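Chain by chain, the residues:
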Amino acid sequence: QVQLVESGGDLVQAGGSLRLSCTASGRTFSMGWFRQAPGKEREFVAAVARTTYYADSVKGRFTISRDNAKNAVYLQMNSLIPQDTAVYYCNAAGGFITPATPGAYWGQGTQVTVSS
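In this text, all values refer to a predicted model and were calculated from it rather than measured experimentally.

## Notes on the overall build of the protein chain
Turning to step 1, where the next piece is worked out: Summing up its helical and strand segments, the protein chain has zero helices and eleven strands in all.
Turning to step 2, where the next piece is worked out: For the protein chain, the sequential pattern of α-helices and β-strands runs β-β-β-β-β-β-β-β-β-β-β.
Turning to step 3, where the next piece is worked out: Taking 116 residues into account, the globule formula puts the C-alpha radius of gyration at 13 Å, and the protein chain, at 13 Å, falls close to it.
Turning to step 4, where the next piece is worked out: Considered along the principal axes of its C-alpha atoms, the protein chain spans approximately 40 × 25 × 25 Å.
Turning to step 5, where the next piece is worked out: Counting all 116 residues of the protein chain, 46% fall into the buried class.
Turning to step 6, where the next piece is worked out: Long-range contacts, defined here as pairs at least 24 residues apart, represent 58% of the contacts in the protein chain between residues at least 6 apart.
Turning to step 7, where the next piece is worked out: Accessible surface for the protein chain amounts to roughly 6000 Å². Of this, 49% is attributable to carbon and sulfur atoms.
Turning to step 8, where the next piece is worked out: Each charge class in the protein chain can be summarised by its mean position, and for the 10 positive and 7 negative side chains these summaries are 7 Å apart.

## Side note on the environment of Asp10
Turning to step 1, where the next piece is worked out: Residue placement: Asp10 occurs in the loop between strand E1 (4-7) and strand E2 (11-13).
Turning to step 2, where the next piece is worked out: Separated by 101 residues in the primary sequence, Asp10 and Gln111 place their C-alpha atoms 6.3 Å from one another.
Turning to step 3, where the next piece is worked out: Excluding residues that lie within four positions of it along the chain, Asp10 makes contacts with Leu18, Gln111, Val112 and Thr113.

## Some words on the state of the cysteines
Turning to step 1, where the next piece is worked out: One pass over the full model with this rule turns up one disulfide.
Turning to step 2, where the next piece is worked out: Shown here is the disulfide that connects Cys22 with Cys90, its sulfur atoms set 2.0 Å apart. On the S-S bond that ties Cys22 to Cys90, the torsion sits near -85 degrees, and the link is left-handed. Of this pair, Cys22 sits in strand E3 (residues 18-24) while Cys90 is found in strand E9 (residues 86-93), placing the two residues 68 residues apart along the sequence.

## A look at the nonpolar core
The nonpolar side chains of soluble globular proteins are, as a tendency, buried together.
Turning to step 1, where the next piece is worked out: Of all hydrophobic cores here, the largest spans 32 residues; its most connected members are Trp33, Leu75, Met77 and Tyr88.
Turning to step 2, where the next piece is worked out: If you list the elements that add at least two residues to this core, you get E3, strand E4 (30-36), strand E5 (43-48), strand E7 (62-67), strand E8 (72-77), E9 and strand E11 (110-115).

## Section: the pattern of salt bridges
A side chain of one charge can pair with a side chain of the opposite charge when the charged atoms of the two come close.
Turning to step 1, where the next piece is worked out: Enumeration according to the criterion identifies four salt bridges in this entry.
Turning to step 2, where the next piece is worked out: One salt bridge in this structure joins Arg35 and Glu43, with 2.6 Å as the shortest N-O distance.
Turning to step 3, where the next piece is worked out: Residue classification places Glu43 among the partly exposed residues on the basis of a relative accessible area of 36%.
Turning to step 4, where the next piece is worked out: Measuring nitrogen to oxygen at the nearest pair gives 2.7 Å for the salt bridge that ties Arg61 to Asp84.

Parameters and conventions
Residues numbered from 1 in each chain as written. Predicted model: local features only at pLDDT ≥ 70, side-chain atom pairs only at ≥ 80, totals over all residues. Heavy atoms only, no water. Helix = DSSP H or I, 4+ residues; strand = E, 2+ residues; numbered from the N terminus. Rg over C-alpha atoms; globule rule 2.2 N^0.38 Å. Buried < 20%, exposed > 50% of the residue type's maximum accessible area, 1.4 Å probe, protein only. Contact = heavy atoms within 4.5 Å. Areas by Shrake-Rupley, 256 points an atom, 1.4 Å probe, with all protein chains shown as cover. Lys, Arg positive; Asp, Glu negative; His and termini not counted. Charge placed at Lys NZ, Arg CZ, Asp CG, Glu CD. Disulfide = S-S within 2.5 Å. Core = buried A, V, L, I, M, F, W, Y, C linked by side-chain atoms within 4.5 Å. Salt bridge = Lys/Arg side-chain N within 4 Å of Asp/Glu carboxyl O.

In structure tokens, the structure reads:
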């Protein structure tokens, strides 16, 4: 069982930046981020295995990166907009993470709020 711990969520003004961090208790093949806004379903944001993958809504604004030595994944979020407001969940898998197939391991979530 892999445990994930996120940090970095905050309240930020539109146009600002935040960096989310997630540390895993063990090694995994893929790590990624999903988010869930109020009243909406959880959606894919980005993932990294051998390459990186992004949702169209965040391409060019968000960057996912990984530090394998620390079993950590990061999400640098720039040019934030109010529509980015959500609880962001770290996700990890023994295989590939895709928008339709998240990994089995989830963090507890960290709140990101973007004010207009």
